[in-house]
Structure formats: C-alpha cells, structure tokens
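A look at the structure
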Amino acid sequence: MAFANDYGPGYVGQLQGCCRLDGVDDCDCRIYCFFCDQDAAFRGYYDVARDMCLNYFDGLAVVGSAREHNAMKYYIKNNGLDNTDCVSKYGFWLGATDTKVEGHFVWQGTTVKDGYCWDSTEYNCWEPDELDNNTNLSEDGQDCAQLWFRPNRSDGNCDDEYCDVRPKGAICEIRIPHCDYADYGYDDTALDFCYTAA
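Everything numeric here is computed off the predicted structure, so don't read it as measured data.

This part is about the overall build of the protein chain. The secondary structure content of the protein chain amounts to two helices and seven strands. What you see in the protein chain, going N to C, is helices and strands ordered as β-β-α-α-β-β-β-β-β. Within the protein chain, buried positions represent 49% of all 198 residues. Long-range pairs, those at least 24 residues apart, make up 72% of the contacts in the protein chain with a sequence separation of at least 6. Counting only carbon and sulfur atoms, one obtains 45% of the accessible surface of the protein chain, whose full area is about 9,500 Å².

Dropping the structure here:
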C-alpha cells in the first residue's frame, strides 16, 4: 500500500515520510507517519490532527516505551524534521490529552483488542518540569501532548501544549497486530526502519 499526500484539511502536502518499528516477539509492530506543520487556517489544531490520523491511520502516535520514543526521535532528527522549516512551533502532536483530569494524560487506544499486545503506558517520556499546564496563552491551559523539539529546551521529549493556540506537525501510527504486514495490505520490505538498534 502506497501512502498518499492529501490527508484532508490541515495537512495537504505535509507528509514527510513513514517508517516501521518491528516489535519484540512479533507483538507490537507499528508504522509511523510524520507530518510537518498543519495549515494555520484550520483551527481546533489538535482535533484536526487527531481526526486526520483517525481517518487515514489508527490515530495519533502513542509513546508507550523507550523503544517507541527513541524510534520517533531518531526518525525526526535523521530526516531533518526537528527544525522550524518543518515545525515552526517546535512540536508534533501525539495521542494523549488530560482534558478529563488535569495532569493525568491518557494515551489513546491503550487497551487490548484483537489479541494485540500494547506497550505499557507507564513509560515516562515527559520533559523535566513540564506538565505545567501553563495558562499564559489560554485560560484552558495545556491539555494536549506534543513531541517537543525546541533548541536549548527539549530534544524530543513529551510536553503539554495548548490544544488550539499553535499549529503543529503530527505523528500518526498504524498498528500491525502480530506484525502481519501483508495481512493489512503493507509491504514491509518497502518501508524503511525508523532506526536500527545498536
């Protein structure tokens, strides 16, 4: 299955590439697709990204382990996506919010379904001193998660961000149960690995 480059309002022409992360014991394979900044004209920035990822993929990316976190960071850095030409506001939306309980971010899709193995949501990807729910730019505070690349501040850790103040890039994921790529219409030999573990 080839990836298109027209993903509806907000992200037309912004797909930069996709990579695969094979799981341990064929349990948790993923394909991650990376998008640069969304179109600022389409407000509800987090919702636009979430809906695009749900419509065309399995949702915004979940950071459930160091292996997943490192794969996303490596791909972004190795492909030069960690700069303001790609993400002018320094981040990529991820699949977590704390809109229900402040300070308790819930990752989307972290339940067992169809016998698929999910990584633990106990992994801590957060930038130190973040989850601060800053209210300087919105009285609603910062309720949406981003993978944050800001010079002299963060090198790809998770951060709480305003959901509708600044447009962001996005990381979408496709979950491949039991790593059966062909059963889901993907040619695993045509996908680059996100990174090669040393």
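What follows picks up the thread again.
Enumeration according to the criterion identifies 12 salt bridges in this entry. With a shortest N-O distance of 2.9 Å, Glu 161 and Arg 166 are connected by a salt bridge. Take Glu 161: its relative accessible area is 2%, and that puts it in the buried class. You can call Arg 166 partly exposed: its relative accessible area is 25%. Among the ionic contacts, a cluster of salt bridges with common partners joins Arg 30, Glu 68, Glu 173 and Arg 175.

Attention now moves to the pairing of strand β3 (residues 91-97). Along a regular strand, successive side chains alternate from one face of the sheet to the other. Within β3, six of the seven residues are buried, which leaves the element mostly enclosed by the surrounding structure. In terms of strand pairing, β3 meets strand β5 (residues 144-150) through four bridges, oriented antiparallel. From the neighbouring strand, Thr 97 faces β5, where its bridge partner is Cys 144. In this structure, β3 lies alongside strand β4 (residues 106-107), joined through two bridges in antiparallel fashion. When the sheet's bridge partners are listed, Thr 97 is paired in β4 with Val 106.

Here Asp 98 is to be found in the loop between β3 and β4. The contact partners of Asp 98, leaving out residues within four places of it in the chain, are Gly 103, His 104, Phe 105, Gln 142 and Asp 143.

Quick look at the state of the cysteines now. This structure, assessed with the given rule, holds seven disulfides. Through a disulfide, Cys 19 is tied to Cys 194; the S-S separation comes to 2.1 Å. Torsion about the S-S bond of the Cys 19 and Cys 194 cystine: about 85 degrees, corresponding to right-handed handedness. Of this pair, Cys 19 sits in strand β1 (residues 15-21) while Cys 194 sits in the segment after β7 (169-176), and the two are 175 residues apart along the sequence. Owing to a relative accessible area of 0%, Cys 19 belongs among the buried residues under this scheme.

It is worth spelling out the nonpolar core at this point. Of all hydrophobic cores here, the largest spans 28 residues; its most connected members are Leu 94 and Ile 171. Mapped by element, the contributors of at least two residues to this core are β1, β2 (29-35), α2 (66-78), β3 and β5. Among the nonpolar cores identified, the runner-up in size contains 26 residues, and Phe 35, Cys 53, Tyr 186 and Leu 191 belong to it.

Before going further, it helps to examine the environment of Leu 137. Note on placement: Leu 137 falls in the loop between β4 and β5. Exposure remark for Leu 137: the relative accessible area of 49% places this residue in the partly exposed category. Counting along the chain gives 25 residues from Leu 137 to Tyr 162, while the straight-line C-alpha distance between them is 7.9 Å. Apart from residues lying up to four places away in sequence, Leu 137 is in contact with Tyr 162, Val 165 and Arg 166.

Rules and cut-offs
- Residues numbered from 1 in each chain as written.
- Predicted model: local features only at pLDDT ≥ 70, side-chain atom pairs only at ≥ 80, totals over all residues.
- Heavy atoms only, no water.
- Helix = DSSP H or I, 4+ residues; strand = E, 2+ residues; numbered from the N terminus.
- Buried < 20%, exposed > 50% of the residue type's maximum accessible area, 1.4 Å probe, protein only.
- Contact = heavy atoms within 4.5 Å.
- Areas by Shrake-Rupley, 256 points an atom, 1.4 Å probe, with all protein chains shown as cover.
- Salt bridge = Lys/Arg side-chain N within 4 Å of Asp/Glu carboxyl O.
- Pairing = 2+ DSSP bridges.
- Disulfide = S-S within 2.5 Å.
- Core = buried A, V, L, I, M, F, W, Y, C linked by side-chain atoms within 4.5 Å.

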